[in-house]
Amino acid sequence: MVDLKGQYADIKQEVDTSIQEIIDNTAFINGPKVHQFQKNLENYLGVKHVIPCANGTDALQIAMMGLGLEQGDEVITADFTFAATVEVIALLKLTPVLVDVDPDNFNIDIDAIKKAITPKTKAIVPVHLFGQCANMEAIMQIAKEHNLYVIEDNAQAIGANYTYQDGTKAKAGTIGHVASTSFFPSKNLGCYGDGGAIFTNDDDLAHTIRGIVNHGMYERYHHDVVGVNSRLDSIQAAVLDAKLPHLDNYNQARRDAARKYNSALKDVPQITLPKTVNNCEGICDTCDCHVFHQYTLKLENVDRDALVKFLNSHDIPCGVYYPIPLHKQKAYQDSRYNEADFTVTNQLVKQVISLPMHTELEDDQIEFITSKIKEFIANN
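Numbering of residues starts from 1 in each chain and follows the order in which that chain's sequence is written. Thresholds applied to this predicted model are a pLDDT of at least 70 for local features of residues and 80 or more for the giving and counting of side-chain atom pairs; totals over whole chains, interfaces and linings are not thresholded and use all residues. As a rule here, side-chain values cover all heavy atoms of the structure and leave hydrogens and water aside.

Caption draft 1: Layout of the overall build of the chain. Assigned secondary structure in the chain consists of 13 helices and 14 strands. Taking 2.2 N^0.38 as the reference for a compact globule, 380 residues should give roughly 21 Å; the C-alpha atoms of the chain span a radius of gyration of 21 Å, in line with that estimate. Taken along the three principal axes of its C-alpha coordinates, the chain extends 70 × 55 × 45 Å. Counting all 380 residues of the chain, 55% fall into the buried class. Contact between two residues is taken to exist if any of their heavy atoms lie within 4.5 Å; hydrogens are not considered. Considering only contacts in the chain between residues 6 or more positions apart, those separated by 24 or more positions represent 73%. Accessible area of the chain: about 16,800 Å², with a carbon and sulfur share of 48%. For the purpose of counting charges, residues Lys and Arg are taken to be positive, whereas Asp and Glu are taken to be negative. His and the chain ends are not included. The atoms used to mark charge sites are NZ of Lys, CZ of Arg, CG of Asp and CD of Glu. Computed over 33 positive and 50 negative side-chain charges, the separation of the two mean positions in the chain equals 2 Å. Where helices and strands are cited, they refer to DSSP runs of H or I of at least four residues and of E of at least two residues respectively, numbered from the N terminus. To get the radius of gyration, use the C-alpha atoms; to get the globule rule, take the number of residues to the power 0.38 and multiply by 2.2 Å. Throughout this description, buried means an accessible area under 20% of the type-specific maximum (1.4 Å probe, protein chains only), exposed means over 50%, and partly exposed covers the range between. Surface exposure here means Shrake-Rupley accessible area, sampled with a 1.4 Å probe, where a residue is shielded only by the protein chains that are shown.

Caption draft 2: Region of interest: the pairing of strand E2 (residues 74-78). Taking burial as the measure, the five residues of E2 include five buried ones, the bulk of the element. A crossover gets the label right-handed when its path from the first strand over the helix to the second runs clockwise, viewed with the strands pointing away from the viewer. In terms of handedness, the path from E2 via helix H5 (residues 84-91) over to strand E3 (residues 95-99) forms a crossover that is right-handed. Whether two strands pair depends on DSSP finding at least two bridges between them. Across four bridges, the pairing between E2 and strand E4 (residues 121-125) is parallel. Looking across to E4, one finds that Ile 76 is bridged to Ile 124.

Caption draft 3: Geometry of the packing of aromatic side chains. Here a Phe, Tyr or Trp ring, Trp counted by its six-membered ring, pairs with any other such ring whose centre lies within 6.5 Å, and the pair is stacked when the planes are under 30 degrees apart, edge-to-face when over 60, and tilted otherwise. Applying the stated criterion across every chain yields a total of 13 aromatic pairs. Considering the side-chain rings of Phe 80 and Tyr 322, the 5.8 Å spacing of their centres and the 80° angle between planes classify their relative orientation as edge-to-face. Of this pair, Phe 80 sits in the loop between E2 and H5 while Tyr 322 sits in the loop between helix H11 (304-313) and helix H12 (343-351), and the two are 242 residues apart along the sequence. Judged by its relative accessible area of 1%, Phe 80 is buried. Here Tyr 322 falls in the buried class, since its relative accessible area comes to 12%. Ring pairing ties together the aromatic residues Phe 80, Phe 106, Phe 130, Tyr 321 and Tyr 322, which thus form one cluster. Its end group placed over the ring of Tyr 337, Arg 336 keeps NZ or CZ at 5.7 Å from the ring centre. Definition used: whenever NZ (Lys) or CZ (Arg) falls within 6 Å of the ring centre and also within 35 degrees of the ring normal, the charge is taken to sit over that ring.

Caption draft 4: Molecular detail of the pattern of salt bridges. Salt bridges are counted wherever a side-chain nitrogen of Lys or Arg sits within 4 Å of a carboxyl oxygen of Asp or Glu. In total, this model carries 13 salt bridges according to the counting rule given. In this structure, the salt-bridge partner of Asp 104 is Lys 275, at a minimum N-O distance of 3.7 Å. With Asp 104 in the loop between E3 and helix H6 (110-116) and Lys 275 in the loop between strand E12 (271-272) and strand E13 (295-299), this residue pair connects regions lying 171 residues apart in the sequence. Of the residues examined, Asp 104 reaches a relative accessible area of 27% and is grouped as partly exposed. By relative accessible area, Lys 275 is classed as partly exposed at 28%.

Caption draft 5: Spatial organisation of the sheet that holds E3. Strand order in the open sheet formed by seven strands is E1-E9-E8-E5-E4-E2-E3, with mixed pairing between adjacent strands. Across the chains shown, the open sheet's two edge strands, defined by having one partner strand only, are strand E1 (49-53) and E3. Between one strand axis and the next, the sheet turns by 25° as a mean value, whatever way the strands run. Where E2 meets E3, five bridges bridge the pair, whose relative direction is parallel. Bridge pairing links Thr 77 to Leu 98 in E3. In the packing of helix H7 (residues 136-146) onto the sheet, contacts are made with E4 and strand E5 (149-153), and the angle to E5 comes to roughly 150°. Lines are fitted to the C-alpha atoms to define the axes, a helix being fitted only along its stretch in contact, and any angle between axes, read from their N-to-C directions, falls within 0 to 180 degrees. Lying on the sheet, helix H8 (residues 203-212) is in contact with E1, strand E8 (178-182) and strand E9 (196-200); it crosses E1 at an angle near 15°.

Caption draft 6: Broad picture of the sheet that holds E13. The strand order across the open sheet built from three strands is E12-E13-E14, with neighbouring strands paired in antiparallel fashion. Of all the strands in the sheet, the pair left with one neighbour each is E12 and strand E14 (352-355). One ladder, built from two bridges, connects E12 with E13; its direction is antiparallel. By the bridge assignment for E13, Ile 271 is matched with Leu 299. In the packing of H11 onto the sheet, the strands contacted are E13 and E14, and the crossing angle to E14 comes to about 20°.

Caption draft 7: Broad picture of a nonpolar patch on the surface. Patches here are clusters of residues that have more than 30% relative accessible area and form no salt bridge, with a 9 Å joining cutoff for like charges and a 5 Å cutoff for nonpolar side chains (Val, Leu, Ile, Met, Phe, Trp, Tyr). On the surface, a nonpolar cluster with roughly 260 Å² of combined accessible area is contributed by Ile 23, Phe 28 and Ile 29. By secondary structure assignment, the location of Ile 23 is in helix H2 (residues 12-25).

Have a look at this one:
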C-alpha cells in the first residue's frame with residue numbers, strides 16, 4: 001500500500017545526515033532537532049503552537065485532557081473511522097456519541113451532529129478522513145452556537161487546505177480549538193517509528209498541553225497538572241524535519257496518482273470514484289483540498305471481499321478502511337444507538353476498497369492495478 005523504501009531512496013542523504021547528527025550529539029529526548037521541527041511545522045501550517053508527542057493516539061487524548069473535559073461529558077465523532085478516535089474518549093471516561101457520515105466524502109455528517117447535541121455535549125471531533133477536511137465552517141458555527149470545543153483529528157490530512165465560503169484558506173488542523181495528528185510511517189508526513197503532535201492557536205491551552213506531555217512538569221520535579229509521558233524522540237524529529245520540505249510535493253504526487261486512477265476507472269459503472277469536499281467532477285488541476293492519504297472507491301453490485309482476494313492473488317495490496325462500524329464494535333456498543341441513524345456507514349463498510357497510494361506510484365503500476373479491477377468486474 002505504501003513504498004517507504006522508494007521514498008527513502010530519494011531523500012537518503014538528507015535523512016541519514018539528520019539521524020547521524022542526533023547520534024553524534026546524543027540529544028535523544030527533547031533535543032534541538034525536536035524544537036527545530038516544531039518551529040518548521042508551525043511555520044508550514046501557519047499555527048501558533050505545535051506540541052510534538054509520542055504518537056497520534058496520545059495526541060488526541062492529550063488534546064482532550066488539555067481542555068479539561070470531565071467524566072460523563074459527551075463527545076460527538078464519526079462512526080466511520082479508525083478506533084483510536086473513540087478509544088481515547090472512552091479511556092478518559094467521557095461518553096462517545098457516534099454519528100453517521102456523508103456518503104460522498106465520508107466525513108462527519110453536519111445534520112447528524114446537530115441531532116446528537118444534548119445538554120451534556122461538550123466537544124465535537126471531526127475526522128478529516130482519507131485526506132480531506134470535514135465541513136469545518138459549519139462545524140465551527142455549530143460549536144459557537146452551543147459553546148462546544150472542536151478537536152480536529154488530522155491524522156490523515158496533513159497538508160490539505162480548507163477553503164471557506166469567502167475564498168480564504170486554512171490548513172487542516174488549524175481551524176478548531178485544538179487538533180491532533182499522527183506521524184505513523186505510512187502517513188503523508190511519516191517518521192520511521194511512532195510520532196504525533198498537537199496543534200493549537202490558544203496560548204493558554206498550549207501551555208497546559210506542554211505540561212501534560214511531560215509528566216505534568218513545567219519545572220523539573222514540579223508536577224503542576226496530571227500528565228503522561230509522551231514525547232517525540234529526536235531521531236523521529238530528524239526524519240520528519242528532513243521530509244517536511246517535501247510534503248507538498250508528496251501530496252501533489254498523490255493527487256496526480258489519484259487523477260490517473262480516476263481516468264482509468266471512470267467508465268466502470270459499478271465504481272464510484274472519490275469525490276472532493278466540493279463535489280467536483282474528478283480532481284481539478286488546482287486541487288489542494290485533498291491529499292489522498294487513501295484512494296478509496298465505492299463498489300456497487302461487486303463482491304468486494306472477492307475482489308480483495310483476486311487483487312491479492314495478483315500481488316496487488318489493497319485495504320478495507322473500515323470493515324466494521326465503530327457502533328458495532330464490542331467495546332463501543334451502546335443501547336442508545338439506533339441502526340436507522342447509521343445508514344450511510346452501514347453501507348460504506350460493505351462497499352469501500354482502498355488501492356495502493358503513495359508518492360512513488362508509477363504509471364505502469366496504476367495501469368496494472370486498474371486493469372485487474374476491470375477484469376474482475378467484467379468476469380463477475
